[in-house]
Amino acid sequence: MSFPNVRLRRLRKNKKIRELLEEVRLSTKDLICPIFVQEDLKSRMQVESMPDIERLPLKDVVDEVNSIADLKIPAIMLFGIPAKKDDIGTAAFSENGIVQRAISEIRKSLDSEIAIMADVCLCQYTTAAHCGLVKGDKIDNDSTLDVLKKIAVSQAQAGVDVVSPSAMMDGQVKAIRQGLDDSGFTDVAIMSHSAKHRSSLYSPFRDMAHCAPKFSDRKTYQLPYTNPTEAMREVETDILEGVDIVMIKPALAYLDLIAKTRSSFNIPISAYSVSGEYSLIKAAAKQGWIDEREVTMEVLTAIKRAGADMIVTYLSKIAAKTLNG
Ligand code: PBG
Ligand code: ZN
């Protein structure tokens, strides 16, 4: 018996050979950059738990999006923080809502092209800060669907390209699709937070977006991280309801679910690398314990390798700067 002299190191010999052999390439074109717009804010505001991420006043939004577009990042994901909250989240679907105004400003005044995506949820906008309407001590699914539909349609009227429901209500994709189609917005796409898990990695976001629930937690609607089969059922259900892009969230601790979605379904996949994933990296980098840019590239490439087509990430600018050289 003869052995071929297999030597894998031949293909790692020098930089150019290594480049040729590269199987997975992260691109700036894979990135979606989140943006937070706060109503009644005078100037940009830092958030302690998310270094280098700021809440923006409306007047600074176009500048910020221009700088993101300059980095060749193709899309933004808008989150709003309203001045007033109420029981039904009126500010989320009002024509003059902060997100609606931001969308039209960007549409009107941006120098270059960018895809505008917006979050569709209630938690920043209601006094209870839950993702659905509260009835008694419960989060009511079906009455929430009507509000989610109204939010999506109001964002479509302002000029959004993609709406992104994150409430984890049953039937949210179907309701929103129906609402958009009935209003003539058949070309507005839905990227649903399909498999959104109840995660402790959301804490910095809640600090940022003022949306920590006032009572109880989100366990009656967000997925438990112990249930991969149930996560696939959520993905499947969204596909049956007509979703355009499914999302797995968080990303780094859920790579198996990204890979599983990739092998089980023919649908574009986004992954949401959440606030806690960002803050872990920033905190360690600040100490000098890890290299921020290198870890960013490694983590985002791994998410792509698992099967994600696109990544919503607070690391977008760091990655784009690195990739653009
Ligand atoms: C709320 C929402 C959350 C995130 C996005 N939308 C928080 C939550 O569900 O508690 C988390 C994003 C992040 O941590 O970056 N609908
Ligand atoms: Zn929510």
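Structure: above.
Since this is a predicted model, take the numbers as computed values, not measurements.

1. Topic: the site of ligand 1
Close to ligand 1 lie 16 residues; Lys196, Arg206, Lys249, Ser275 and Tyr314 are nearest. In the model, a nitrogen atom of ligand 1 is placed 2.9 Å from a nitrogen or oxygen of the Ser166 side chain. Separating an oxygen atom of ligand 1 from a side-chain N or O atom of Arg206 is a distance of 2.6 Å. With respect to the detected pockets, ligand 1 is housed in the largest cavity. Of the residues contributing to the shell around ligand 1, the split by class is 9 nonpolar, 3 polar and 4 charged.

2. A closer look at the coordination of the zinc ion (ligand 2)
Coordination of the zinc ion (ligand 2) by the protein comes from Cys121 (SG), Cys123 (SG) and Cys131 (SG), over a distance range of 2.2 to 2.3 Å. Given 4 donor atoms and angles of 97 to 121 degrees at the metal, the environment of the zinc ion (ligand 2) is assigned as tetrahedral. Written as a sequence motif, the donor residues of the zinc ion (ligand 2) are C-x1-C-x7-C. Both residues of the pair, Cys123 and Cys131, count as buried.

3. What about helix 12 (residues 316-324)?
Residues Ser316, Ile318, Ala319 and Ala320 constitute the buried set of helix 12. Where helix 12 is buried, its residues contact strand 1 (31-38), helix 10 (275-286), helix 11 (292-306) and strand 12 (310-313).

4. As for the packing of aromatic side chains
Considering all chains together, one arrives at 6 aromatic pairs under this definition. Aromatic side chains Phe36 and Tyr314 sit 6.2 Å apart centroid to centroid with 10 degrees between the ring planes, which places their arrangement in the stacked category. Of this pair, Phe36 sits in strand 1 while Tyr314 sits in the loop between strand 12 and helix 12, and the two are 278 residues apart along the sequence. Three or more aromatic residues link up through ring pairs in this structure, and these residues are Phe36, Phe79, Phe205, Tyr272, Tyr278 and Tyr314. Sitting above the plane of the Phe93 ring, Lys150 keeps its charged end 4.4 Å from the centroid. For Lys196, the ring lying beneath its charged end belongs to Tyr202, and the centroid distance is 5.6 Å.

5. Quick look at the packing of helix 11 against helix 12
The N-to-C vectors of helix 11 and helix 12 enclose an angle of 95 degrees; their axes lie 9 Å apart at closest approach. Here helix 12 runs roughly perpendicular to helix 11, going by the angle between their axes. Two secondary-structure elements touch here, helix 11 through Glu292, Arg293, Thr296, Met297 and Leu300 and helix 12 through Ile318, Ala319, Lys321, Thr322 and Leu323. Considering only residue class, the contact of helix 11 with helix 12 consists of 5 nonpolar, 2 polar and 3 charged.

Here is what the cut-offs are and how they apply
Within every chain, residues take consecutive numbers counted from 1 along the sequence as written. Lettering for chains starts from A, numbering for ligands starts from 1, and both go in the order in which the items are written. Residues qualify for local features only when their pLDDT is at least 70, as the model is predicted, and side-chain atom pairs are given and counted only at 80 or more; totals for whole chains, interfaces and linings, by contrast, use all residues. With hydrogens and water excluded, all non-hydrogen atoms of the structure serve as input to the side-chain values. One heavy atom suffices: a residue is near a molecule or strand as soon as one of its heavy atoms comes within 4 Å of it. Contacts described as polar in this section are N or O atom pairs within 3.5 Å, which, within protein, must combine one atom able to donate a hydrogen with one able to accept it, while residues neighboring in sequence count only if both atoms come from side chains. Only protein atoms enter the 1 Å grid used here, on which a cavity is any set of points holding a 1.4 Å probe that cannot leave and a pocket is any open set flanked by protein within 12 Å on both sides along at least five of seven lines; residues with an atom within 4 Å of a point are listed as lining. A pocket or cavity is taken to hold a molecule when more than half of that molecule's atoms are within 2 Å of the pocket's grid points. All amino acids are sorted into three groups, where Ala, Val, Leu, Ile, Met, Phe, Trp, Tyr, Cys and Pro are nonpolar, Asp, Glu, Lys and Arg are charged, and the leftover types, Gly among them, are polar. Coordinating donors are taken to be N, O and S atoms lying within 2.8 Å of the metal, or within 3.2 Å when the metal is Na, K or Ca; because water is excluded from the atom set, some sites may appear incomplete. Key to geometry: four donors with every angle between 85 and 135 degrees are tetrahedral; four donors are square planar and six octahedral where opposite donors lie over 155 degrees apart and all remaining angles lie between 65 and 115; all other sites are irregular. For every residue, the accessible area (1.4 Å probe, protein chains only) is compared with the maximum for its type, and the residue is labelled buried under 20%, exposed over 50%, or partly exposed between those bounds. Helix and strand definitions follow DSSP, with helices as H or I runs of at least four residues and strands as E runs of at least two, each counted in order from the N terminus. Contact criterion: two residues are considered in contact whenever any of their non-hydrogen atoms come within 4.5 Å of each other. Working definition: a ring pair exists when centres of Phe, Tyr or Trp rings (six-membered ring for Trp) sit within 6.5 Å. Plane angles under 30 degrees give stacked, over 60 give edge-to-face, the rest tilted. A ring is scored as having a charge over it whenever the NZ atom of a lysine or the CZ atom of an arginine sits within 6 Å of its centre and within 35 degrees of its normal. Note on geometry: axes are C-alpha line fits, over the in-contact stretch for helices, and angles between N-to-C directions span 0 to 180 degrees. Each angle is binned into one of four classes, with values under 35 degrees roughly parallel, values over 145 roughly antiparallel, values of 65 to 115 roughly perpendicular, and all other values oblique.

Note that every value here comes from positions in space, so none of it alone points to a role or purpose.
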